Amino acid sequence: MPCSVRTAPRMIITATPRYTRIIAEVWKPLIALFVWDVLVTVVYFMLPFHAPTLPLTLFGSALALFLGFRDNSAYQRWWEGRVLWGAMINASRNLARGIIAFIGPEDDGEKRDLKRSIVLRQIAYVQALRNQLRRQDPEAEVHRFLSREEAGEPLGRTNVANGLLDGTGQRIAEAHRRGWLNDLQQSSLESVLIDIANAQGGMERIKNTPLPNQYRFFPTLFTRLFCILLPIGLVETLGIATPLGSGIAGLMFLAVLQIGEDLTDPFANTVHDVPLTAMCRTIEIDLLQAIGDPAPAPMKPDRDVLW
């Protein structure tokens, strides 16, 4: 069952985002900032006052460094999430290739069923992991590839993806006991399962360990405070153009603040997250073709957004 376009995770893939999307993300703070700038300007001309000399350059430089540090930390989380999913794609291909090659091409019903079972479980595994990271119910995706009997035990677990991975390990161990895999082959496949488990653990660490609260509270507080002080320090210099100049300068700081917020959780259901649905589709295509089953088409961007 394909994932719905309206609710699926996604990522902007063009270098230049649509202006409507930019406006949709910043219009609320931008309007509030503009109204404040106009208010300060009107008060200055109606009730002339000597605007206090504010060290805005110093404030702005310190704030820019603070926001840059926060954005770098957020991007490192986003990039690590992308690297871990790249490793998951490679490990999934290695698992399918290994199990198919090691058990061999013999037209044996039991062997064929085992190879098919392990490959389909791996596809169900990555789909379940994607849903878990999105805080969504993985049951429907698991049932796409596994029978109710096979899916029952892992779906009864708190960590469905880990239950599916455990079942894969048990099937590989059973193949070894039956003599279909030698010690070296089992060890090789077990090493792939360890890589998969390590990648899952890294993803769960990112998802379950947000940036410290100070990294989110103080940048927001200081940016808003700076935007409040900005027109007061600029009104004597810019005069009637204060709303325009202060609005543009404030918008730059608000945009940098929003960038860090967008990248903090690479597995959130927003246009800025890692495109898990597309990567899971890549795994699904490669593994289904490996066992000779028909595969869906690769996902394509929808209005410059990869789901």
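Our subject is the structure that appears above.
Parameters at a glance
Residues numbered from 1 in each chain as written. Predicted model: local features only at pLDDT ≥ 70, side-chain atom pairs only at ≥ 80, totals over all residues. Heavy atoms only, no water. Helix = DSSP H or I, 4+ residues; strand = E, 2+ residues; numbered from the N terminus. Buried < 20%, exposed > 50% of the residue type's maximum accessible area, 1.4 Å probe, protein only. Contact = heavy atoms within 4.5 Å. Areas by Shrake-Rupley, 256 points an atom, 1.4 Å probe, with all protein chains shown as cover. Expected span 1.5 Å × (residues − 1). Salt bridge = Lys/Arg side-chain N within 4 Å of Asp/Glu carboxyl O. Phe/Tyr/Trp six-rings, centres within 6.5 Å; stacked < 30°, edge-to-face > 60°. Bend = angle between axes of the 7 residues up to and from the residue. Axes fitted to C-alpha atoms, helices over the stretch in contact; angles between N-to-C directions. Parallel < 35°, antiparallel > 145°, perpendicular 65-115°, else oblique. Nonpolar A, V, L, I, M, F, W, Y, C, P; charged D, E, K, R; others polar. Core = buried A, V, L, I, M, F, W, Y, C linked by side-chain atoms within 4.5 Å. Patch = residues over 30% accessible without salt bridge, like charges linked within 9 Å, V, L, I, M, F, W, Y side chains within 5 Å.

### Points about the overall build of the chain
Right, so step 1: Helices and strands together make up the secondary structure of the chain, namely ten helices and two strands.
Right, so step 2: When the helices and strands of the chain are read in sequence order from the N terminus, they spell out β-α-α-α-α-α-α-α-α-α-α-β.
Right, so step 3: Buried residues in the chain amount to 44% of all 307 residues.
Right, so step 4: Sequence separation of at least 24 residues holds for 77% of the intrachain contacts in the chain that already meet a minimum separation of 6.
Right, so step 5: Of the roughly 16,200 Å² of accessible surface on the chain, 61% is carried by carbon and sulfur atoms.

### As for helix α10 (residues 276–290)
Every α-helix carries 3.6 residues per turn, so stepping three or four residues along brings you back to the same face.
Right, so step 1: With 15 residues, α10 ought to run about 21 Å at 1.5 Å a step, and its terminal C-alpha atoms sit 21 Å apart, in line with that.
Right, so step 2: α10 sits mainly inside the fold: eleven of its 15 residues count as buried.
Right, so step 3: Restricting attention to buried positions, one finds in α10 the residues L276, T277, A278, M279, C280, R281, I283, E284, I285, L287 and L288.
Right, so step 4: On its buried side, α10 packs onto α2 (56–103), α3 (109–133), α4 (139–145) and β2 (305–306).
Right, so step 5: Immediately downstream of α10, the backbone of G292 shows phi near 80°, a positive value.

### Side note on the pattern of salt bridges
Note that side chains of opposite charge can pair when their charged atoms are close.
Right, so step 1: A complete count under the given rule lists 15 salt bridges for this structure.
Right, so step 2: Here R70 makes a salt bridge to D71, at a shortest N to O gap of 3.7 Å.
Right, so step 3: Of the residues examined, D71 reaches a relative accessible area of 11% and is grouped as buried.
Right, so step 4: Among the ionic pairs, R116 bridges to D293, the shortest N-O distance being 2.5 Å. Taken as a pair, R116 in helix α3 and D293 in the loop between α10 and β2 lie far apart in primary sequence, 177 residues in all.

### Remarks on the packing of aromatic side chains
Right, so step 1: The final tally for this structure, using the stated rule, is eight aromatic pairs.
Right, so step 2: Ring geometry for F66 versus F222: centroids 5.8 Å apart, planes at 45°, classification tilted. Here the residue F66 occupies a position in helix α2, and F222 occupies one in helix α8 (residues 213–238), the gap between them amounting to 156 residues.
Right, so step 3: Taking the relative accessible area as the measure of exposure, F222 reaches 35% and is therefore partly exposed.
Right, so step 4: Aromatic rings pair up to connect F66, F217, F218 and F222 into one cluster.

### Topic: α8
Right, so step 1: Here α8 contains 26 residues, and its C-alpha end-to-end distance of 37 Å stays within 8% of the 38 Å for a straight helix at 1.5 Å per residue.
Right, so step 2: The largest bend in α8 comes to about 25°, at L229, with the proline P231 one to four residues further on.
Right, so step 3: Along α8, the residues classified as buried are P219, T220, T223, F226, C227, L230, P231 and V235.
Right, so step 4: Directly after α8, the chain includes G239, whose backbone phi takes a positive value near 65°.

### With respect to the packing of α3 against α10
Right, so step 1: Running from N to C, α3 and α10 cross one another at 175°; their axes reach a closest spacing of 9 Å. The orientation of α3 relative to α10 falls into the category roughly antiparallel. Of the residues in α10, those in contact with V119, L120, Q122, I123, V126, Q127, R130 and L133 of α3 are L276, T277, C280, I283, E284, L287 and L288.
Right, so step 2: Here the residues of the contact of α3 with α10 are counted per class, giving ten nonpolar, three polar and two charged.

### Here we look at the nonpolar core
Right, so step 1: By size, the foremost hydrophobic cluster in this structure holds 51 residues, and its most contacted members are W85, M88, Y125, I196 and M203.
Right, so step 2: Contributions of two or more residues to this core are made by α2, α3, α4, α6 (160–177), α7 (183–208) and α10.
Right, so step 3: Apart from the residues within four sequence positions on either side, M203 is in contact with L84, W85, M88, L129, L133 and F267.
Right, so step 4: Among the nonpolar cores identified, the runner-up in size contains eight residues, and L56, L67, L230 and A249 belong to it.

### Section: a nonpolar patch on the surface
Right, so step 1: On the surface, F34, V38, L39, V42, V43, M46 and L47 cluster together into a nonpolar patch covering about 640 Å² of accessible area.
Right, so step 2: Inspection of the secondary structure assignment puts F34 in helix α1 (residues 19–46).
Right, so step 3: Since its relative accessible area comes to 45%, F34 is described here as partly exposed.

### Structural notes on the packing of α6 against α7
Right, so step 1: Where α6 contacts α7, the two axes come as close as 10 Å, and the packing angle between them is 175°. As the angle between them shows, α6 and α7 are arranged roughly antiparallel. Two secondary-structure elements touch here, α6 through A161, N162, L165, T168, G169, I172, A173 and H176 and α7 through D183, Q186, L189, L193, I196, A197 and Q200.

### Considering unusual backbone geometry
Right, so step 1: Phi is positive for R135, close to 60°, though the residue is something other than glycine.
Right, so step 2: With respect to the helices and strands, R135 occurs in the loop between α3 and α4.

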